[in-house]
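Structural features, examined
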Amino acid sequence: MNYPGSIFIVVLSLLPVTALVAEELDLLIRQVRLLDGSGNPWRLADIGIKDDKIVCVGRFEDVRATQVIEAQDLYASPGFIDTHSHTTDALTSTDRSAAPGLLTQGVTTVLLNPDGGGPDDLAEQGRAVLLDGTGVNVGLMVPHGSVRKAVMGMEDRPATRADLKAMAALVEEGMRHGAYGLSSGTFYAPGSFSNNEELVYLAKIVARYGGVYASHIRDESDYSIGLIASVDEVIEVARQAELPGVVTHIKALGPPVWGLSAAVVARIKAARRQGVQVYTDQYPYAASSTSLGAALLPRWAQAGGRDALLRRFSEPGTLKRIRRDMEENLARRGGADRIQVSRTESRPETIGLTLAVIANQEERDAISTAIGFLRDEDPGIISFNMHDDDIATFMRAPWNMTASDGGYPVWGKGAPHPRAFGSFPRKIHHYVNEKRVITLPEAIRSMTSLPAQVYGIADRGSVSPGNYADIVIFDLDRLVDKATFDNPYQLSQGVVHVLLNGEVALRDGRLADKQYGRLLKKQLQ
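So, here is what we can say about the structure in this document. (Residues numbered from 1 in each chain as written. Predicted model: local features only at pLDDT ≥ 70, side-chain atom pairs only at ≥ 80, totals over all residues. Heavy atoms only, no water.)

Within the protein one finds 19 helices and 21 strands. In terms of overall size, the protein behaves like a compact globule, its C-alpha atoms giving a radius of gyration of 23 Å where 525 residues would be expected to give roughly 24 Å. Each principal axis of the C-alpha atoms in the protein carries an extent, and together these give about 85 × 50 × 45 Å. Counting across all 525 residues of the protein, residues that qualify as buried make up 59%. The long-range fraction of contacts in the protein, counting pairs at least 24 apart against all pairs at least 6 apart in sequence, stands at 76%. Of the accessible surface of the protein, which amounts to about 20400 Å², a share of 49% is contributed by carbon and sulfur atoms. Averaging the positions of the 56 positive and the 63 negative side-chain charges in the protein gives two centres separated by 3 Å. (Helix = DSSP H or I, 4+ residues; strand = E, 2+ residues; numbered from the N terminus. Rg over C-alpha atoms; globule rule 2.2 N^0.38 Å. Buried < 20%, exposed > 50% of the residue type's maximum accessible area, 1.4 Å probe, protein only. Contact = heavy atoms within 4.5 Å. Areas by Shrake-Rupley, 256 points an atom, 1.4 Å probe, with all protein chains shown as cover. Lys, Arg positive; Asp, Glu negative; His and termini not counted. Charge placed at Lys NZ, Arg CZ, Asp CG, Glu CD.)

This part covers the environment of Thr280. Mapped onto the elements of the fold, Thr280 is located in strand E13 (residues 278–282). Assessed through its relative accessible area of 2%, Thr280 is described here as buried. Separated by 66 residues in sequence, Thr280 and Ala214 have C-alpha atoms that sit 8.7 Å apart. Filtering out sequence-adjacent residues up to four positions away, Thr280 remains in contact with Val246, Val247, Ile250, Ile268, Trp399, Asn400 and Met401.

Let us look at unusual backbone geometry. In most cases, non-glycine residues show a negative phi, while peptide bonds are predominantly trans. In this model, Ala189 is joined to Pro190 through a cis peptide bond whose omega is 5°. Counting through the fold element by element, Pro190 comes out in the loop between strand E10 (181–185) and helix H7 (196–208). Positive phi values are uncommon outside glycine, yet Glu363 reaches one of about 55°. Glu363 sits in the exposed class, given a relative accessible area of 74%. Of note in the backbone geometry, Asp508 takes a positive phi value of approximately 50° without being a glycine. Relative to the assigned elements, Asp508 resides in the loop between strand E20 (503–507) and strand E21 (510–511). Look at Asp508 and you get partly exposed, because its relative accessible area is 46%.

A word on the pairing of strand E18 (residues 471–474). Here E18 shows two buried faces, one formed by Ile471 and Ile473 and the other by Val472 and Phe474. Both strand E5 (residues 75–78) and E18 contribute to a ladder of four bridges, which runs antiparallel. Within E18, the residue paired with Ala76 across the bridge is Ile473. Two strands pair when backbone bridges link them, and E18 and strand E19 (residues 495–500) are joined in this way by four bridges, in the antiparallel orientation. The residue bridging Ile471 from the neighbouring strand is Leu499, located in E19. (Pairing = 2+ DSSP bridges.)

Here we come to the nonpolar core. Where a protein is soluble and globular, its nonpolar side chains tend to be buried together. Val171, Ile428, Tyr455 and Phe474 are the most contacted members of the largest nonpolar core, which totals 103 residues. Among the elements that take part in this core, helix H8 (residues 227–241) stands out by supplying seven residues, more than any other. Not counting residues within four places of it along the chain, the set of residues in contact with Tyr455 comprises Thr83, Leu111, Met141, Tyr180, Val212, Ala214, Val246, Met401 and Lys522. One finds Ala301, Leu309, Met326 and Ile358 within the second-largest nonpolar core, a separate group that totals 23 residues. (Core = buried A, V, L, I, M, F, W, Y, C linked by side-chain atoms within 4.5 Å.)

Strand E16 (residues 380–384) sits mainly inside the fold: four of its five residues count as buried. Pairing of strand E14 (residues 287–291) with E16 involves five bridges; the strand directions are antiparallel. Bridged to Ser288 within E16 is Ser383. Judged from the four bridges that link them, strand E15 (residues 339–343) and E16 form a sheet pairing that is antiparallel.

Structure follows, in structure tokens:
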């Protein structure tokens, strides 16, 4: 089989620099402080690009290029990879609403369908991504919760052998369409109704395709089996299925489990010493975001879907039991003053207010107010429930990747978590420059080469000859997240240029007229 473009790149990278003069480059980035993604310190370098690939990295003289970016005093790194993104709707919309928020962070690749949610038909999702173009590269995960729901609905029971075979067929179909792995959300219904045997069974199929198992774990607090046991579940899936396992958006959620980060890290270290591939990803904020129902409702009350929940609300004895469980869950979250409404169709006047404030306005207790919401809809919330020490402990782990867990609503609608607009610059500005939790090379590695390695994203994640030219160029002194919980619709600053597949998608902070992203597919093994 012939690979003329690859041969050109390899030969070109081996030739003396003077040989480059004979082949004009499409673009030359000159004298940039290069962080290549490996975790090494920056070095001064020029980067040559031809078509969509990096063809040379070094110090060059008299090299011809159609375009030149003079990058003195700026830093360059591989484009950032967001391993946990809820941007499906925005990326497939015609208004390109996700592209500004992603590219101004330096994000060039996102993995969709996290937490076990998203379409179970990946072929159709892929067509939707490409229909009107995409502002960044997109990779897909097979969502376990959606697969289970397609086969078993919202039933709270173990899967039968027939169920497992039907789910396995959907998982295999997704992997054949190029998915990077299986995502689960065992905290959420219906994923919470599954056991680890089911997950191992499906993960073994994923392993045959070289995929990854990534999970929003069953319990990030002490809702059910607890934080430690939930991490152990991911370790066991990775061990038994013999594939990489990722504890996604890792956290110790709520006062009852603050301080357990050291025990979690020790658990993962022990598994890795035994040869189990376990990783984590994390967003750099002390607040999480989910729905009010997911945060407060017991899972047994959600079995059978929304109609069944509403029937339970109408049964006095059952409602009493639901209230009792919701009170315990609210305490786990630290109380009603730590829950802020971020999205609601029925009561937009409450957006930005805490559950405590709303309850006080209604002259009701917080649980009655929450149930009143849930009778109409399941609103989005932001939950302020993490401790800075735990965030730092998880962040320092060498196997920890960066993710946003961000989703892009219609611009200006609701008050979403600022992580959608600021995660990657915030990690560098706040946790590298200000708090010195990790170094700049470590932060860049967590955003680039590490996720590319873990998920098997070919030819991306490092600035080296032969790789695709996904490159972010930023001003370290100006790099800062601007989005806040009160005003999340603010783009990050300090990312100067972004190259996407060799094209300039962001120049001097301004978005290009065209979209240069691609649908990425896992190379079958």
